[in-house]
Amino acid sequence: MTDTLIRAEGLGLRAGGRTVYSDVDLDVPAGGTLVVRGRAGSGKTSLLLTLAGRMRPSAGTLTVLGQTLPQRAAAVRRRVALAEVRGVNELDDALTVEQHVAERLVLHQPWHRPWAGGRQVAEQLERVEQFLALTAEAGADVPALRPKEFVSDVDPLERMVLGVVLALIGKPDVLVVDDVDSLRRSEDRRRAWESLAALQETTPLTVVASCSDASDVRWHPGDHRILLDLPEL
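As the structure is a prediction and not an experimental result, all values here were calculated from the model.

**A word on the environment of Asp 216**
Link 1 in the chain: Along the chain, the position of Asp 216 falls in the loop between strand 8 (206–211) and strand 9 (225–229).
Link 2 in the chain: A relative accessible area of 13% means that Asp 216 is categorised as buried.
Link 3 in the chain: The spacing of Asp 216 and Val 180 is 36 residues in sequence and 9.9 Å in space, taken between C-alpha atoms.
Link 4 in the chain: Setting aside chain neighbours within four positions, we find Asp 216 in contact with Ser 186, Arg 189, Arg 190 and Trp 193.
Link 5 in the chain: In this structure the side chain of Asp 216 is engaged in a polar contact, spanning 2.7 Å, whose partner is the side chain of Arg 189.

Written as structure tokens, this is what we have:
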């Protein structure tokens, strides 16, 4: 696992007459984890969206999955998936878990098949259960998703799990998880970080995630986790 999947040099973004982030240098290996840490307003979400090909940088160079950005942003977007990012792809509180899964399945099907059958949804949810069982064995023990439950009724950790599950339906190479600190309980944050690590042990996946406090991240010698601190500008 030595190939560089994300490389940035002097990356920066200005918007609305102010600097959002600047001078970001990165080398993230395939299968690694980038943890972007910074306070609110430090540009964490904007940087994550830039790496995902969804925001155009105003300075520096950026290559993701061998594609130069912003020129090849569309190609990057097809291979980098966002878990729920508030203000970008928020889950609909009025839909159930299985309705969200059905909608996402449709997005990855040919245009002439604009629906997902009950069997497809059930198979997807069964795969989710199998994965959650693996995370439990790894000590993450995140809660199971209840297919008929409305998103408005799920707890914050379940909501984050659903966002990740939906992102993974397209089998991306890179998963982006913004603001793990939206989970208020330290135990939930710990389980979220550990479930992401368990996911990478079973799936070829690079993770880019953000937080304001990285104390709940599990660090091990020799792992491929990179911590990037963003100053508040």
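**Focus on a positive patch on the surface**
Link 1 in the chain: On the surface, a cluster of positive charge is contributed by Arg 54, Arg 72, Arg 77 and Arg 78.
Link 2 in the chain: Classification of Arg 54 by relative accessible area gives partly exposed; the value is 34%.

**Description of the sheet that holds strand 3 (residues 33–37)**
Link 1 in the chain: Across the sheet, 5 strands lie side by side as 6-7-8-3-9; this open sheet has parallel pairing. Strand pairing shows two members of the sheet lacking a second neighbour, strand 6 (80–82) and strand 9, which therefore form its edges. In this sheet, neighbouring strand axes are inclined to one another by 20 degrees on average, regardless of whether the strands run parallel or antiparallel.
Link 2 in the chain: Alignment of strand 3 against strand 8, held across 5 bridges, turns out to be parallel.

**Considering the pairing of strand 1 (residues 4–15)**
Link 1 in the chain: Direction of pairing for strand 1 relative to strand 2 (residues 18–29): antiparallel, over a ladder of 8 bridges. Residue Ile 6 lies in a different strand from strand 2, and its bridge partner there is Val 28.
Link 2 in the chain: Linking strand 1 to strand 2, which pair antiparallel, is a turn of 2 residues; within it Gly 16 sits at a positive phi near 60 degrees.
Link 3 in the chain: Sheet topology note: the strand 1/strand 4 (residues 59–64) ladder contains 5 bridges and is antiparallel. In the strand pairing of strand 4, Ala 8 is matched with Leu 62.

How each quantity is defined
Residues numbered from 1 in each chain as written. Predicted model: local features only at pLDDT ≥ 70, side-chain atom pairs only at ≥ 80, totals over all residues. Heavy atoms only, no water. Helix = DSSP H or I, 4+ residues; strand = E, 2+ residues; numbered from the N terminus. Buried < 20%, exposed > 50% of the residue type's maximum accessible area, 1.4 Å probe, protein only. Contact = heavy atoms within 4.5 Å. Polar contact = N/O pair within 3.5 Å; in protein donor to acceptor, adjacent residues only side chain to side chain. Patch = residues over 30% accessible without salt bridge, like charges linked within 9 Å, V, L, I, M, F, W, Y side chains within 5 Å. Areas by Shrake-Rupley, 256 points an atom, 1.4 Å probe, with all protein chains shown as cover. Salt bridge = Lys/Arg side-chain N within 4 Å of Asp/Glu carboxyl O. Lys, Arg positive; Asp, Glu negative; His and termini not counted. Charge placed at Lys NZ, Arg CZ, Asp CG, Glu CD. Pairing = 2+ DSSP bridges. Axes fitted to C-alpha atoms, helices over the stretch in contact; angles between N-to-C directions.

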